[in-house]
Amino acid sequence: MDYQTLLFHINDGIAFVTINRPDKLNALNDQVMKELADAAERIATESDIKGAILTGSGPKAFVAGADIGDLSKQGPFDGKARAQRGQSVLRRLETGGKPIIAAINGFALGGGCELAMACHIRIASDNAKFGQPEVKLGIAPGYGGTQRLPRLVGKGVALQLILTGEMIDAQEAYRVGLVNRVVASNELLPTATAMMRTILANGPLAVAQCIEVVNAGYDLPLDDALTFEATAFGLLAATDDKREGTKAFLEKRAPSFKGA
Ligand code: COA
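Residues numbered from 1 in each chain as written. Predicted model: local features only at pLDDT ≥ 70, side-chain atom pairs only at ≥ 80, totals over all residues. Heavy atoms only, no water.

Here 6 strands make up an open sheet; going across it, the order is β1-β2-β3-β5-β7-β10 and the pairing mixed. Edge strands, defined here as strands with exactly one partner in the open sheet, are β1 (6–11) and β10 (181–183). Direction aside, the axes of adjacent strands within the sheet are offset by 20° on average. Sheet strands touched by helix α8 (residues 188–200): β1, β2 (14–19), β3 (51–56), β5 (100–104), β7 (121–125) and β10. Its angle to β5, the strand with the most contacts, is close to 170°. (Pairing = 2+ DSSP bridges. Helix = DSSP H or I, 4+ residues; strand = E, 2+ residues; numbered from the N terminus. Axes fitted to C-alpha atoms, helices over the stretch in contact; angles between N-to-C directions. Contact = heavy atoms within 4.5 Å.)

Here the focus is the pattern of salt bridges. For the structure on display, the rule yields 13 salt bridges. The residue R82 makes a salt bridge to D30 at a minimum N-O spacing of 3.0 Å. Here the residue R82 occupies a position in helix α3 (residues 76–95), and D30 occupies one in helix α1 (residues 30–45), the gap between them amounting to 52 residues. Classification of R82 as buried rests on a relative accessible area of 11%. Across the salt bridge formed by R92 and E41, the nearest N and O atoms sit 2.8 Å from each other. With a gap of 51 residues between them, R92 in helix α3 and E41 in helix α1 connect regions that are remote in the sequence. (Salt bridge = Lys/Arg side-chain N within 4 Å of Asp/Glu carboxyl O. Buried < 20%, exposed > 50% of the residue type's maximum accessible area, 1.4 Å probe, protein only.)

This part takes up the site of the ligand. The immediate surroundings of the ligand are formed by 17 residues, with K24, K60, A64, A66 and I68 found nearest. Here an oxygen atom of the ligand sits 3.4 Å away from a polar atom, N or O, in the main chain of D23. Within the backbone of A64, a nitrogen or oxygen atom sits 3.0 Å from a nitrogen atom of the ligand. Alone, the ligand offers 870 Å² of accessible surface; in the complex the protein occludes 60% of this. Elements with a contribution of two residues or more to the shell around the ligand: α2 (68–73) and β6 (107–109). Residue composition of the shell around the ligand, grouped by class: 11 nonpolar, 1 polar and 5 charged. (Near = heavy atom within 4 Å. Polar contact = N/O pair within 3.5 Å; in protein donor to acceptor, adjacent residues only side chain to side chain. Areas by Shrake-Rupley, 256 points an atom, 1.4 Å probe, with all protein chains shown as cover. Nonpolar A, V, L, I, M, F, W, Y, C, P; charged D, E, K, R; others polar.)

Next up on the list: the sheet that holds strand β4 (residues 61–63). Sheet architecture is open: 4 strands sit in the order β4-β6-β8-β9, paired in mixed fashion. Each edge of the open sheet carries a strand with a single partner, namely β4 and β9 (168–169). As defined by bridge partners, β4 adjoins β6 across 2 bridges and the pair is classed as parallel. Across the sheet, the residue bridging to V63 is A108, located in β6. Against the sheet, helix α4 (residues 111–118) contacts β4, β6 and β8 (129–131), and its axis sits at roughly 75° relative to β4.

Positive phi, close to 50°, is recorded for D12, a residue that is not glycine. Inspection of the secondary structure puts D12 in the loop between β1 and β2. The backbone phi angle of L25 is positive, close to 50°, even though this residue is not glycine. Positionally, L25 belongs in the loop between β2 and α1. Take L25: its relative accessible area is 24%, and that puts it in the partly exposed class.

As a further point, take the pairing of β2. Burial analysis of β2 places 6 of its 6 residues in the buried class, the great majority of the element. Burial of the side chains of β2 extends over both faces: I14, F16 and T18 are buried on one face and A15, V17 and I19 on the other. Counting the residues that bridge the hairpin from β1 to β2 gives 2 residues, and of these D12 lies at a positive phi of roughly 50°. In terms of strand pairing, β2 meets β3 through 6 bridges, oriented parallel. Paired with V17 across the two strands is L54, which belongs to β3.

See the structure below:
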């Protein structure tokens, strides 16, 4: 697919995906969502992509939300369909088995905050602002915000953000656990890239299994989640990566993982 609203390039195993509508603060219109769906599929399935970094174009916004022009025209049934399409795109990013870092370079509002929350790790520049302002438009979050926000920051803070619609700055987002790190703007992509390189130096099957177990186990009863964890632990014991990782440690050298 030729992208009109995304920049997509792969550098040494990392897919850099930039939402590229800076004049509209990278708002998620239907075209962006269609292209993001394609990008999510590529990240999950292409073997030369080991992980991805998502960011927004321009100095001002990661993503300022779903496109309000599109939202203003929707009725109840296409509204529900749009929410489900968006949810499935974000879910594909979350469960595709490759690590994804959101590099949040400005406003992350509504669908932008939701997109960032579907990524595995969030790094924010110090000018970033977060919020779920949907209630100000007479609507509610529809791309997973009502579910992922309480899971990340707890129900009380999530309800405060969702019900007031007010924005918080990067430091407050860090304080409440919405982002993992806050850095200066010029350090954002280098920090995200360095963190991704640290992840990609580890056993890729182990990384994929950790994502799967944390994601799926989070909502299971503890005993079921622990069984799931033990199964992943056992499965990884059968891999060449495990043989290489443990052997390299014992031989006091860096491992060389092949993902098998
Ligand atoms: N959907 C569609 N267009 C959007 C948008 C969105 N979510 N967010 C910003 N834009 C557009 C603006 O309409 C404007 O377009 P224009 O130049 O053609 O008029 C352009 O992006 C720049 O935004 P502007 O509002 O002029 O920038 P600002 O610095 O004054 O304000 C925000 C920035 C983020 C506070 C403001 O744009 C805003 O509140 N956006 C909507 C946020 C929102 O409610 N998101 C949730 C949607 S569910």
